[in-house]
Amino acid sequence: MVLTHSVGVRNSGSQYLPSTADTSETRSPNQQLLPLTARINSQDCLEIGGCDVTALVGQFGSPLYILDEETLRTACSQYRDAFKRYYPGSSQAVYASKAWNCLAICAIAASEGLGVEVVSGGELYTAIQAGVNRELLYFHGNNKSRAELEFAVESGCTIVVDNWLELKTLALLGSASNSQSPIPIMLRLTPGIECHTHEYIRTGHLDSKFGFDPNQVEEVFAFISQTTSLNCVGLHAHIGSQIFELQPHRDLAGVMVQWLDKAASLGLPVTRLNIGGGLGIRYTEADDPPSIEEWVKTVSESVAAACQAQQVPLPTLMCEPGRSLVGPTCVTAYTLGSRKEVPEIRTYLAVDGGMSDNPRPITYQSVYRAVVANRMSAPLTETVTIAGLHCESGDILIKDIQLPQTEPGDILVVMSTGAYNYSMASNYNRVPRPAAVLVKDGEAKVILQRETYQDLVRQDRLPERLKLSS
Ligand code: LLP
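Nothing here was measured: the structure is a model prediction, and the numbers come from that model.

J.: Outline the nonpolar core, supporting the account with residue identities and numerical values.
T.: Counting 87 residues, the largest nonpolar core has W100, I185 and L235 as its most contacted members. Among the domains, domain 1 (13-64 + 337-453) and domain 2 (140-321) are the pair contributing at least three residues each to this core. Residues within four places of W100 in sequence aside, it is in contact with Y65, L67, Y95, I105, V326, C330, G418, Y422, S423, A436 and L448. L33, L34, V53 and V439 belong to the second largest nonpolar core, which has 24 residues in total.

Written out as structure tokens, the structure is:
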């Protein structure tokens, strides 16, 4: 296809700055493309958390994940406070740490009063190392190993049971242990609710690998009610991710409250209801997700109304957002390198990262936006395609984006990269993973160190007979 590159002269970076119409308490981070503290300084450079992005790259290297603490704390408090405002019972927001599991982020979420949800022994270990209280730790996964289950039981977290094998293994572990108290569990159920998002990140429809099928629910409840080594404290469901609609969440509330009722009638008075995560975020100006407050209001009112209609006592209402907490808090800064012009077709600008630090475009065809951090007010004069450095033609971060005239060495900032970027990063082509810094009030702290070449060979072993004589 031949692309014509006629681009109107527009101001570049300022169009993406968070709106100043609302106060910082009411601006929902998931509706912004840049973190809440983003501004353009007198040198026409992008600043986040009071730090000049170009200077951060100079100090900490490139590529660099830059995470804004204020935006993350605001998102956490918006979930927490909206539940208090709209739900008449008790509530607990839990951070789905698969979106970005590391010590600093787990610690910030916990310090804001959120629980932390983990999906592997590694995530559980990290959350424990971060000091997260075991009462607020939830362990998910559709195929937890016996070793992971033993680790989870020992840690005292609540295990969200996904299937029969796990349920029976836990019942045995519970009766074999010397502990007097039963193992706290929740049950993950497949609600049979469809939502409009990428098929890889849909989980609530019946043909899903996660959770107990609804036709097994009665049998599962009956099993648990006769198993003294297990204490079922709640029910859980999650319908998918990057969802902009509210209706599936209303439907979910109705379905889950029916299950609560059924559990109670089978002698299992569960008291917590976790409606999962899934609220979408803005990756481009075309994305228009509901705010955190609207989402919480909808699920709170729907659960309360369903409980009233079905005469079920109000459960503790839980949710577990990932993307909408960390996604908008972070940008990735890259240094621009080579340029290739294919006449009449396309201009490629290459950056010093790509699918290894952000696998989402190649995996889900995700679309991102970017600005040139050291030319924030320069007019947009060309359409380019941002290529990664990996040996793969599909390693394209952004197709056909309007940018100002750039030079090698300029700093390109890709926005909304906090969720499922670092956590899905790889060392493809033996490229070291970038560093991440946390910015706040003009100060930057490293929260993830840049990997070195030594890190890359740390787990390699060279059997004696393969050693080459020099
Ligand atoms: N709870 C459960 C059980 C989940 O499976 C997930 C996400 C969440 C909560 C958090 O959902 P969120 O609020 O982040 O939408 N790698 C994909 C996303 C996979 C989502 C997996 N589960 C991506 O990059 O889009």
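Read on for the rest.
J.: Any chance you could break down the packing of helix 4 (residues 121-129) against helix 5 (residues 146-155) for me, citing the residues and the numbers?
T.: As a packed pair, helix 4 and helix 5 sit with axes 10 Å apart at the nearest point and diverge in direction by 25°. Between helix 4 and helix 5, the angle falls in the class roughly parallel. Helix 4 and helix 5 meet at a crossing whose hand is left-handed. In this structure, helix 4 uses G121, L124, Y125 and I128 to contact helix 5, whose residues at the interface are E148, F151, A152 and S155. The residue inventory of the contact of helix 4 with helix 5, partitioned by class, reads five nonpolar, two polar and one charged.

J.: Outline the sheet that holds strand 2 (residues 46-48), supporting the account with residue identities and numerical values.
T.: Spatial ordering of the open sheet is given by 1-2-3, a layout of three strands whose pairing is antiparallel. Because the sheet does not close on itself, it has two edges, and the strands there are strand 1 (39-40) and strand 3 (51-52). Direction of pairing for strand 2 relative to strand 3: antiparallel, over a ladder of two bridges. Each bridged residue has a counterpart across the sheet, and for E47 the counterpart in strand 3 is D52.

What counts as what
- Residues numbered from 1 in each chain as written.
- Predicted model: local features only at pLDDT ≥ 70, side-chain atom pairs only at ≥ 80, totals over all residues.
- Heavy atoms only, no water.
- Core = buried A, V, L, I, M, F, W, Y, C linked by side-chain atoms within 4.5 Å.
- Buried < 20%, exposed > 50% of the residue type's maximum accessible area, 1.4 Å probe, protein only.
- Domains from an automatic or database assignment.
- Contact = heavy atoms within 4.5 Å.
- Axes fitted to C-alpha atoms, helices over the stretch in contact; angles between N-to-C directions.
- Helix = DSSP H or I, 4+ residues; strand = E, 2+ residues; numbered from the N terminus.
- Parallel < 35°, antiparallel > 145°, perpendicular 65-115°, else oblique.
- Left-handed = near helix turned anticlockwise from the far one by under 90°.
- Nonpolar A, V, L, I, M, F, W, Y, C, P; charged D, E, K, R; others polar.
- Pairing = 2+ DSSP bridges.

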